[in-house]
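Residue-level structural notes
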Amino acid sequence: MPKVFVPTMLQSATGGVKQVEVEARNVRQVIEQLDEMFPGIAGRLMEDGEIRSNLAVDVDGEVARMGLMQRVGETSEIHFVPAIGGG
């Protein structure tokens, strides 16, 4: 099952849990599963049906360019990280 690594900034919503495994095929399902385990966490990850603009999702070492529809595999590792802006 895909592994989700919970960043320090969200561990207050997970009771200190740093890593979980979820059954999911895309990032949207990952967030849905997280919200079932930790009610309310979806609101900290999403806004208006999209990933919050201050976050980036990393799937297997690559930024999830397809957002919520980005596919995840059985052995994927998912990280939610602060988005870095710049020019």
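Definitions and cut-offs
- Residues numbered from 1 in each chain as written.
- Predicted model: local features only at pLDDT ≥ 70, side-chain atom pairs only at ≥ 80, totals over all residues.
- Heavy atoms only, no water.
- Helix = DSSP H or I, 4+ residues; strand = E, 2+ residues; numbered from the N terminus.
- Rg over C-alpha atoms; globule rule 2.2 N^0.38 Å.
- Buried < 20%, exposed > 50% of the residue type's maximum accessible area, 1.4 Å probe, protein only.
- Contact = heavy atoms within 4.5 Å.
- Salt bridge = Lys/Arg side-chain N within 4 Å of Asp/Glu carboxyl O.
- Polar contact = N/O pair within 3.5 Å; in protein donor to acceptor, adjacent residues only side chain to side chain.
- Core = buried A, V, L, I, M, F, W, Y, C linked by side-chain atoms within 4.5 Å.
- Pairing = 2+ DSSP bridges.

From N to C terminus, the chain includes 2 helices and 7 strands. Reading the chain from its N terminus to its C terminus gives the helix and strand order β-β-α-α-β-β-β-β-β. By the compact-globule yardstick of 12 Å for 87 residues, the chain fits well, its C-alpha radius of gyration being 12 Å. Counting over 87 residues, the chain shows a buried share of 38%. In the chain, 47% of the contacts between residues at least 6 apart in sequence involve partners at least 24 apart.

Here we come to the pattern of salt bridges. Between side chains of opposite charge, pairing is possible as soon as their charged atoms come close. Here the structure, examined in full by the defined rule, presents 1 salt bridge. Between R52 and E47 there is a salt bridge, with its nearest N and O atoms 3.4 Å apart. Classification of R52 as partly exposed rests on a relative accessible area of 25%. E47 sits in the partly exposed class, given a relative accessible area of 42%.

As for its position among the elements, S76 is in the loop between β6 (62–63) and β7 (77–82). A relative accessible area of 4% places S76 in the buried class. In this structure the side chain of S76 is engaged in a polar contact, spanning 2.7 Å, whose partner is the backbone nitrogen of G73. Ignoring anything within four residues of it in the chain, the contact list for S76 reads P2, K3, V59 and D60.

One broad rule of soluble globular proteins: the nonpolar side chains tend to lie buried together. With 24 residues, the main nonpolar core has V30, I31, L34, L45 and F80 as its most contacted residues. Elements represented by at least two residues in this core include exactly α1 (27–37), α2 (41–45), β5 (55–59) and β7. Sort the elements by how many residues they give to this core and α1 lands first, with 4 residues. With sequence-adjacent residues up to four places away left out, V30 is seen in contact with V4, V22, A24, V72, I78 and F80.

Taken in spatial order, the 5 strands of this open sheet run β2-β1-β7-β5-β6, and their pairing is mixed. The sheet terminates laterally at β2 (19–21) and β6, the two strands that pair on one side only.

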